[in-house]
Structure formats: C-alpha cells, structure tokens
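# Architecture and fold: a report
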Amino acid sequence: MLAPDPCADQQMEPPALNRQTPVSTSADESWTLIIRPVSGWFDINLAELWSYRDLVTLFVRRDFVATYKQTILGPLWYLIQPLLTTLVFTVIFGKIAGIPTDGQPPILFYMSGIIAWRYFSDCLVKTSGIFASHAHIFGKVYFPRLTVPISVVISNLLSFAIQIALFSGFLIYFILAGATVHPTPALLLFPLLVIQMAALGLGCGIIASSLTTRYRDLTYLIGFGIQLWMYATPIVYPASQVPKDWQWLILLNPMAPVIESFRHAFLGTATVNPAGMAISVMTTIIILLAGIVMFSRVEKSVMDII
Amino acid sequence: MPKTVIRVENLWKQYRLGTINHGTLKQDIQSWWARMRGRYDPNAMIDPSHQPVDVSTTHSPPVLENPRLKAPRTKHQEQIFYALRNLNFEVRQGETLGIIGKNGAGKSTLLKILSRVTTPTRGTIKLNGRVASLLEIGTGFHPELTGRENVFLNGTILGMKKNEIHRKFDDIVHFAGVEQFIDTPVKRYSSGMYVRLAFAVAAHIDPDILVVDEVLAIGDADFQKKCVQTMQDSAGKGRTVLFVSHNMESVRSLCSRGILLERGEIADSGEIDHVIESYLANPVAV
C-alpha cells in the first residue's frame with residue numbers, strides 16, 4: 001500500500017453545494033457502484049463480465065457479419081482460404097521441397113496443420129490489436145473490456161468450425177478412396193484441444209494488446225513473429241522430421257504438441273509426447289493467467305495512454 | 001429528502017506531462033538505465049535543473065507514486081498536471097446538475113471518470129442506481145450493419161440486455177422515424193437518420209443516473225428540442241441528470257443546480273442562475 005493519505009491534513013471543506021445538509025455517514029447506505037483508483041493486481045469482476053454476455057454475442061455477430069458484407073462469395077471465403085493455402089503448401093513443400101508428411105496424404109496433412117494454426121494465429125493477432133481497433137468505443141463507454149477479446153475468440157471459432165467441416169469432407173473422401181488414415185479415439189479429446197488453442201491464442205493476444213498500448217513496436221513484431229512461429233511449429237513438416245538434437249525446441253513451443261495431437265486424432269499417424277503435452281498445457285494456463293492479470297491492469301488506464 | 005445518489009469524495013485526477021510513456025521499449029530501457037546510474041534521463045522533456053513542478057496549483061499535490069520508484073527521480077521529476085483537484089460534491093435523486101466551466105476546467109475529465117472510461121488517481125465516486133453515460137451517441141455503430149443490428153449492438157454496449165431492447169425496439173424505431181430503413185446498412189443513412197437512430201437508442205436506456213455531454217447538442221433545431229425534451233422528461237421521472245455544457249441557455253433551462261469548475265476545482269456551486277452568473281462574471285480568455 002501507499003503511504004498514509006498525504007492530503008488528509010489538507011482536505012478542503014466540501015463546497016457550498018449541499019453544505020446545509022450534513023454529510024450522512026450512516027453505515028446502512030448502500031452504493032451500487034463505487035469508482036476508485038486502480039488498485040490490486042487482479043481486478044476482474046467475473047459476475048459483471050457474465051452480465052455482459054449479450055454484448056459478447058453481438059460482438060461475435062458483428063465480426064462475423066461485417067467481415068464479408070458486400071462480398072459475392074461471402075462466408076465461402078472461409079473455405080477458399082484454407083483450400084488455396086493447402087494447394088500452395090502441397091506444391092511448394094510437398095512436391096518441390098519434397099518434405100515428407102509421415103506417410104499421410106499431403107492434402108490432409110497440410111490442411112489439418114493450416115486450419116489449426118490459423119485458428120490460433122487469428123485469435124492471437126486479432127486480440128492483440130483490440131485497444132487500437134476499439135479505442136473509439138473504449139474512449140466513450142464503459143463495459144468490461146474483456147468482452148472484446150472473448151468475442152474475437154468465439155467468432156474465430158465459427159470460421160474454424162466451417163473449416164473443420166471442410167476438412168472432415170476431405171478426410172471422408174480420402175478414407176473412402178482407401179488412404180492410410182484412420183481417426184483415433186483421441187478425437188473425443190478434440191474439444192479440449194480447441195479450448196487449449198483458444199486459451200493460448202487469447203492469452204498471448206491479451207498480453208500483446210496490453211503491451212502494445214505502451215510499445216507500439218509490438219504491432220510490427222506480431223505481424224511477422226506469427227509467421228516465424230508457424231515455421232517453428234510442425235505445420236509444413238512433421239515433428240518426427242525434426243533432428244534429435246532439436247527436439248527440445250519442440251517441447252518449448254506450446255503449439256507444437258497441440259498440432260501433433262490434432263493430427264494424431266484425425267489422421268492417426270503423428271506421435272504425441274505426453275510430457276510435451278503436459279508442458280504445453282501448463283504453459284497455456286500460465287500465459288492465460290498472466291494475460292488476464294496484465295489486461296486487468298491496463299484496461300483501467302488505457303484511455304490515458306493510448 | 002431524496003437520497004444521495006452520487007457522492008464524489010476527494011477526487012483527484014493526475015496526468016503526466018511530457019514523455020513519461022515514452023512509447024518505445026528502447027527509450028524506456030534508456031531512461032531506466034540512466035536512472036540506475038544516477039544520470040539524467042535522456043528522454044526527460046524538462047530541464048533537469050528544474051524543481052519538481054506542478055504546473056497549475058498552489059496546493060502541494062499528494063504523493064501518488066510508489067515511493068520506491070520515486071526515489072531516483074528526485075533530481076528531475078516530471079511535470080504533473082492535475083486535471084481535477086479534490087472535488088467533493090453530492091447529487092440527490094431527481095436533481096439535474098449542470099457542470100459548467102471554461103475549456104480545460106476539468107469537465108470532460110470528470111465525465112470520463114463518472115463514465116468509468118478512465119479511473120481517478122485518488123478519491124472515490126459512489127453511485128446508487130444504474131448509470132448511463134452519453135459522451136457520444138451511436139458508440140459502436142458499425143457502418144456495414146443494418147439499423148436493426150446496430151440498435152442491438154449500441155444498446156448492449158450502453159448496458160442494456162437483449163430482451164430489454166427487444167421490448168423497446170418498436171419504440172426506438174418509431175422515435176427515430178426510420179421504420180422504412182431499419183434493415184438497411186447504416187452507412188446508407190443520411191446523417192440525420194443516423195443521429196436520430198443513435199439518439200433514439202440512448203433515449204431508451206432508462207437509467208437512474210444519466211450523464212450527458214454537450215456534444216449531444218447536434219443536429220437541427222427540432223432535434224435539439226427533442227434532446228432537451230427527452231432529458232427534461234428523464235428528470236421529471238425522478239432521474240438524476242448530470243449535464244455538461246458551454247451553452248448557458250440549455251443549462252439554465254434544464255438544470256436546477258450547478259457547479260462551476262475552474263482549473264480542476266469547484267469554484268462555485270448552488271442554484272443554477274447564481275452559478276451561471278458567477279461563470280459569466282469572470283470571463284477570462286483561455
């Protein structure tokens with residue numbers, strides 16, 4: 001705590017307004033809201049956040065609807081993006097560079113990696129910019145700021161679901177055509193994987209958004225940093241191709257076991273290292289908590305800085 | 001006696017002048033490193049030989065910083081500006097309080113703190129009842145969304161629940177007079193339609209305490225009259241209204257009491273006519 005109130009000894013008389021009415025100090029006064037200076041290191045009101053759930057759904061709707069307004073293909077873009085990227089990756093990394101795909105059909109291999117990575121990176125990149133993109137709203141109205149990053153994660157989930165449907169279509173086609181892919185019972189844990197990706201993307205994103213209010217440089221770093229991170233994650237190559245000496249790097253990357261588990265669940269061939277997964281989950285929890293704490297510190301004062 | 005619904009106690013708001021938030025990590029590290037070695041901060045804006053200055057006060061400001069962080073700065077403390085200094089006032093239920101003052105007197109800062117857009121540096125504001133603050137209308141309107149979608153978005157941003165908006169939806173649309181265009185994206189609206197729809201949402205929040213900025217006084221004469229009428233109605237229904245304005249006519253017609261802010265302090269308060277008089281009696285150019 002700070003030193004005792006230094007202005008206590010010089011507190012001015014309350015001004016003439018209402019001076020005739022003695023300031024009541026009875027304890028039974030109840031206030032519905034008390035506005036005070038920022039204090040404490042964790043100041044998130046979860047009940048309040050819950051009461052603003054309607055706002056989250058409307059933000060989700062806004063993001064989803066506004067993205068493809070006035071486009072001819074509309075939500076079809078959600079399918080075109082991964083399809084084209086898969087095609088390019090198959091040609092460049094599969095045919096030209098000749099990187100092996102653990103014996104899986106290249107299209108399924110790349111598409112699974114791209115879709116999962118894209119969900120994570122979209123969550124991260126879009127939440128990292130929320131103070132900049134919502135400054136005009138944050139400067140005028142109060143509502144729990146955490147509603148915005150949460151809505152970003154949820155609206156990305158919609159596009160992710162569409163893309164997973166596309167991927168499932170391809171998967172079924174390849175199975176019927178006799179490819180050597182076989183979804184494993186780990187598929188039941190798929191929702192948990194999605195939650196982890198969302199939590200990790202949200203955590204990294206709100207840390208970045210909290211820091212970018214002060215350090216604008218981070219905006220640029222995130223732009224290409226996420227590209228570099230993708231190449232550090234087994235998206236265009238299987239983890240089994242990483243040399244023994246470098247396997248520890250994979251352990252440090254919380255996204256690597258997630259992608260590997262994702263492929264294992266759907267395609268049945270990738271390897272999942274339980275220790276790596278445990279570390280990844282721990283890292284995710286730490287990053288998310290750190291993010292929420294930093295966000296709760298910044299959100300109160302951000303309008304004075306930005 | 002109506003009960004007190006707003007109590008402002010010892011409210012201070014401090015801003016730092018110059019480059020305290022240096023903006024980049026490199027400069028922050030530079031400043032930190034310089035302080036560590038007891039050198040002058042190369043990024044400090046002010047001459048290090050200056051004494052700590054509070055640019056506009058005669059009171060000694062309260063110590064607001066963590067003393068541990070403060071120690072190395074004694075040689076060249078940054079300039080500090082107090083936008084609000086020790087405000088104390090109360091507002092009772094049903095009162096319409098006008099807040100007047102020159103530019104830079106602290107009106108907007110007070111509104112921002114009341115709206116919870118920013119936090120006070122010291123002191124508290126206690127509120128009783130649902131607060132709606134309108135520093136702007138149409139906050140969060142998205143040009144690509146239809147009028148209908150924007151009513152829901154804007155309404156929830158202002159703190160309404162979805163089913164509450166459902167209930168009031170027809171009233172809102174009727175009030176704005178845009179029935180025909182409600183399913184058209186608002187980017188195609190004329191500016192008048194846009195403002196009317198935005199104001200219609202704001203007028204239907206039904207708060208216990210309404211905090212209004214003068215920027216609401218936009219639009220044509222008819223529309224302004226409608227705004228004033230709506231606020232008067234609000235006050236009539238036992239609502240408490242805080243109104244900030246430079247327009248003495250609208251303050252006089254709306255408010256029963258007033259406070260006059262000057263350099264972040266309450267210079268005068270009381271009956272609105274009296275406060276306006278004392279504001280006009282002291283016309284210092286800013």
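Residues numbered from 1 in each chain as written. Chains lettered and ligands numbered in written order. Predicted model: local features only at pLDDT ≥ 70, side-chain atom pairs only at ≥ 80, totals over all residues. Heavy atoms only, no water.

## Some points on the confidence of the model for chain B
All names here are of chain B. What counts here: Residue-level confidence of the predictor is summarised by pLDDT, bounded by 0 at the bottom and 100 at the top. Whether two residues touch is decided by their heavy atoms; if any such pair falls within 4.5 Å, the residues are in contact.
This prediction gives chain B a mean pLDDT of 79; 77% of its residues lie at or above 70. Taken together, the stretch residues 45-77 has pLDDT below 50 and engages in 64 contacts with residues farther than four places along the chain or on a different chain. Model confidence for the complex is summarised by a pTM of 0.81, with the ipTM given as 0.79.

## A word on the packing of aromatic side chains
The line we're drawing: Any two rings among Phe, Tyr and Trp, with Trp reduced to its six-membered ring, count as a pair given centres within 6.5 Å; such a pair is stacked if its planes are under 30 degrees apart, edge-to-face if over 60, and tilted if neither. Put simply, DSSP H or I for four residues or longer makes a helix, DSSP E for two residues or longer makes a strand, and each gets a number counted from the N terminus. Relative accessible area decides the class of each residue, using a 1.4 Å probe on protein chains only: under 20% of the type maximum gives buried, over 50% gives exposed, and in between gives partly exposed.
Scanning the entire structure with this criterion turns up 23 aromatic pairs over all chains. Consider the rings of Phe64(A) and Tyr78(A), whose centres lie 5.5 Å apart with planes at 15°: the pair is stacked. Of this pair, Phe64(A) sits in helix 2 (residues 53-67) while Tyr78(A) sits in helix 3 (residues 77-96), and the two are 14 residues apart along the sequence. Here Phe64(A) falls in the partly exposed class, since its relative accessible area comes to 25%. In this structure Tyr78(A) comes out as buried when scored by relative accessible area, which is 9%. With a centroid separation of 5.6 Å and 20° between ring planes, the pair formed by Phe152(B) and Phe169(B) is classed as stacked.

## Some remarks on the sheet that holds strand 8 (residues 257-262) of chain B
Residue and element names in this part refer to chain B. What counts is decided by this rule: DSSP bridges decide pairing: two strands pair if at least two such bridges lie between them. Here an angle of 0 to 180 degrees is reported between the N-to-C directions of two axes, which are lines fitted to C-alpha atoms, with helices fitted over the stretch in contact.
A sheet is described by the order of its strands in space; here 6 strands give the open sequence 5-6-7-3-8-9, paired in mixed fashion. Every other strand in the sheet has two partners, leaving strand 5 (131-134) and strand 9 (265-271) as the edge strands with one partner each. For this sheet, the mean angle separating the axes of adjacent strands, direction not counted, is 15°. Sheet analysis places strand 5 next to strand 6 (residues 209-212), joined by 4 bridges and oriented parallel. Across the sheet, valine 131 pairs through a bridge with isoleucine 209, a residue of strand 6. Sheet contacts for helix 7 (residues 221-236): strand 3 (96-101), strand 6 and strand 7 (240-244); angle to strand 7, the most-contacted strand, approximately 145°. Contacts from helix 9 (residues 272-280) reach strand 3, strand 8 and strand 9 within the one sheet, and its direction differs from that of strand 9 by about 140°.

## Structural notes on helix 3 (residues 107-114) of chain B
Residue and element names in this part refer to chain B. In terms of burial, helix 3 is a largely internal element, 6 of the 8 residues being buried. Three or more residues of helix 3 are buried, namely Lys107, Thr109, Leu110, Leu111, Ile113 and Leu114. A positive backbone phi angle near 65° is found at arginine 116, which sits one or two residues after helix 3.

## Brief notes about the packing of helix 4 (residues 106-128) of chain A against helix 7 (residues 147-176) of chain A
All names here are of chain A. Formally: Between 65 and 115 degrees an angle is taken as roughly perpendicular, under 35 as roughly parallel, over 145 as roughly antiparallel, and anywhere else as oblique. Ten residues, namely Ala, Val, Leu, Ile, Met, Phe, Trp, Tyr, Cys and Pro, are considered nonpolar, four, namely Asp, Glu, Lys and Arg, are considered charged, and the remaining ones, Gly among them, are considered polar.
Contact geometry for helix 4 and helix 7: axes closest at 9 Å, N-to-C directions at 175°. The angle between helix 4 and helix 7 places the two elements in the roughly antiparallel class. Classifying every residue of the contact of helix 4 with helix 7 gives 18 nonpolar, 4 polar and 3 charged.

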